[in-house]
Amino acid sequence: MTLTDVAAHASVSRATASLVLRESPLVAENTRQRVLASVEALGYVYNRGAASLRMRRTNTVGLVISGLANPFFADLTEGVEEELRPAGYVVLLANTFDDPVHQDTLIRSMMEHQIDGLLIVAAVDSESDFVAPLRDMGVPHMLATRRIRGVEGSYVGPDDDAGARLATQHLLDHGARQIAYFGGPEHGVARIDRVAGMAALLEENTLEPELTWTVPSRVSSSEGYALASKLLKRHPPPEAVICHSDAIAFGLMRALRDADVEIGSACRVIGYDDIEHAQAWSPSLTSVSVAARTMGRRAARMLVERIETRGAAPDESLVLRPSLVVRESCGCTVSPPG
């Protein structure tokens with residue numbers, strides 16, 4: 001009698017059955033009871049000592065992100081910690097500064113510390129084989145928030161095309177016809193997909209992106225401010241701007257205010273990520289929410305399943321649909337809290 005027989009009897013995957021027998025908190029109670037009932041019915045005996053020898057755990061998980069200065073990654077990290085702490089894992093956090101060479105160094109270092117698994121927000125210009133050492137050594141790993149072309153494996157992230165379309169449609173509904181996508185790493189897949197989504201919806205409405213302000217940038221408020229200030233000296237602002245992140249949107253709005261441009265009417269602004277400060281800004285920032293904390297929890301949950309099954313869990317991609325949180329910067333009127 002094998003664990004595969006138990007899984008088939010309980011109509012669950014082998015990975016789920018393994019999680020139940022290891023007393024993982026990740027399994028729903030009704031599923032747990034069904035698996036345990038199958039164990040009893042089939043007379044399966046779980047050899048916990050042998051499983052422990054096979055696993056050789058350190059109860060540590062690596063989390064590699066691209067920039068601690070971005071508030072989005074603070075929310076993502078909290079979500080990862082919220083999921084891993086109850087499961088008994090300690091998180092080792094490292095920052096690549098969006099440098100693929102430094103990222104390779106960090107991955108090797110994490111492997112030397114015998115981490116049980118690795119969750120990676122990949123540097124923008126990562127090569128397609130940057131996860132090869134992890135794959136070759138059988139280290140469970142997955143990517144979060146950023147896809148890298150040519151990299152296969154497990155992934156959790158937002159639907160960037162859908163997010164861009166949500167923001168674009170909202171601005172079209174406001175009557176905007178000049179819409180730009182402002183900021184973000186030039187070669188980043190997220191920016192490429194969002195610009196494409198925006199452009200496709202504009203084309204459906206016989207419009208084109210406003211190209212003067214559709215420019216790349218690093219992801220920071222200071223970069224958004226500097227770039228917007230420079231552009232405002234040469235060009236009027238477009239009717240509406242979708243920003244690559246809330247941080248960039250904050251910089252843009254400060255530059256617009258310095259230039260006496262009325263935000264929400266002369267220029268409508270939508271951010272991306274919906275970080276905590278978006279609501280507190282004045283005017284409050286309309287933003288595409290990708291639920292960073294939820295994304296972190298889901299990614300951590302999937303990684304733990306891979307750790308605890310040591311390769312039995314198949315690769316999977318989870319694409320989360322974003323939502324638009326409407327506030328004042330787009331021109332909407334929002335009632336004050338309470």
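Look above for the structure.
Residue positions are given per chain, counting from 1 as you read along its sequence in written order. Totals for whole chains, interfaces and linings use all residues, but because this is a predicted model, local features are given only for residues with pLDDT of at least 70 and pairs of side-chain atoms are given and counted only at 80 or more. The side-chain figures draw on all heavy atoms in the structure; neither hydrogens nor water molecules are used.

(A) Just the packing of aromatic side chains, in detail. Side-chain rings of Phe, Tyr and Trp, where Trp is taken by its six-membered ring, are said to pair if the distance between their centres is within 6.5 Å; with planes under 30 degrees apart they count as stacked, over 60 as edge-to-face, and otherwise as tilted. Under the criterion given, the structure shown has 3 aromatic pairs. Taken together, a centroid distance of 5.2 Å and an interplanar angle of 75 degrees make the contact between Phe72 and Phe73 edge-to-face. What makes Phe72 buried here is its relative accessible area of 7%. Residue class for Phe73 comes out buried when judged on its relative accessible area of 5%. Taking the centre distance of 4.3 Å and the plane angle of 15 degrees together, the rings of Phe250 and Trp281 count as stacked. You can see Phe250 sitting in helix H11 (residues 246-258) and its partner Trp281 sitting in the loop between helix H12 (277-280) and strand E9 (286-289), a full 31 residues away along the chain. In this scheme, a residue with accessible area under 20% of its type's maximum is buried, one over 50% is exposed, and one in between is partly exposed, where area comes from a 1.4 Å probe on protein chains only. By relative accessible area, which is 31% here, Trp281 ends up partly exposed. Geometry around Tyr272 places Arg194 over its ring, the cationic atom sitting 3.5 Å from the centre. Only DSSP runs of H or I with at least four residues qualify as helices, and only runs of E with at least two residues qualify as strands; both kinds are numbered from the N terminus onward. Geometrically, a lysine NZ or arginine CZ counts as sitting over a ring once it is within 6 Å of the ring centre and also within 35 degrees of the ring normal.

(B) Focus on the sheet that holds strand E10 (residues 317-320). Whether two strands pair comes down to DSSP finding at least two bridges between them. Taking strand neighbours across the sheet as the criterion, the 6 strands line up as E2-E1-E3-E4-E5-E10 in an open arrangement whose pairing is parallel. The two strands at the open ends of the sheet, each matched to only one other strand, are strand E2 (90-95) and E10. Between one strand axis and the next, the sheet turns by 15 degrees as a mean value, whatever way the strands run. When strand E3 (residues 117-120) meets strand E4 (residues 141-144), the two strands line up parallel, connected through 3 bridges. Looking at the pairing, Leu119 lines up with Met142 of E4. Here helix H5 (residues 71-84) sits on the sheet and contacts strand E1 (60-65), E2 and E3; the angle it forms with E1, its principal contact strand, is near 170 degrees. Every residue pair with non-hydrogen atoms within 4.5 Å of one another is taken to be in contact. Inter-axis angles, ranging from 0 to 180 degrees, are taken between N-to-C directions of lines fitted to C-alpha atoms, where helices are fitted over the stretch in contact. Across the sheet, helix H13 (residues 292-309) lies against E1, E3, E4, strand E5 (155-158) and E10, angled at about 170 degrees from E5, the strand it touches most.

(C) Representation of the pattern of salt bridges. A side-chain nitrogen of Lys or Arg and a carboxyl oxygen of Asp or Glu constitute a salt bridge if their distance falls within 4 Å. Applying the stated rule across the entire model yields 15 salt bridges. Between Glu83 and Arg301 there is a salt bridge, with its nearest N and O atoms 3.4 Å apart. Residue Glu83 is found in helix H5, and its partner Arg301 is found in helix H13; the two are separated by 218 residues along the sequence. Judged by its relative accessible area of 32%, Arg301 is partly exposed.

(D) How the structure looks around a negative patch on the surface. The grouping of Asp99, Asp104, Asp125, Glu127 and Asp129 at the surface amounts to a negative patch. Tracing the sequence through the fold places Asp125 in the loop between E3 and helix H7 (132-136). Using a relative accessible area of 45% as the deciding quantity, one classes Asp125 as partly exposed. Surface patches are defined over residues having more than 30% relative accessible area and no salt bridge, joining like charges when they lie within 9 Å and nonpolar side chains (Val, Leu, Ile, Met, Phe, Trp, Tyr) when within 5 Å. A 1.4 Å probe and the Shrake-Rupley method give the accessible areas. Residues count as covered only by the protein chains that appear here. Only four residue types enter the charge count, namely Lys and Arg as positive and Asp and Glu as negative; His and the chain termini do not. Lysine's charge is taken at NZ, arginine's at CZ, aspartate's at CG and glutamate's at CD.

(E) How the structure looks around the pairing of E1. By the criterion of burial, E1 is predominantly enclosed, with 6 of the 6 residues buried. Of the two faces of E1, the one carrying Thr60, Gly62 and Val64 and the one carrying Val61, Leu63 and Ile65 are both buried. Sheet topology places E1 next to E2; 6 bridges connect them, and they run parallel. Each residue of the ladder has a partner; that of Val64, found in E2, is Ala94. Note on handedness: a crossover is taken as right-handed if, strands pointing away from the viewer, the path from the first strand over the helix to the second is clockwise. Taking the sense of rotation as the criterion, the β-α-β connection linking E1, H5 and E2 turns out right-handed. Pairing geometry for E1 and E3, over 4 bridges, is parallel. The partner of Val64 across the bridge, within E3, is Ile120.

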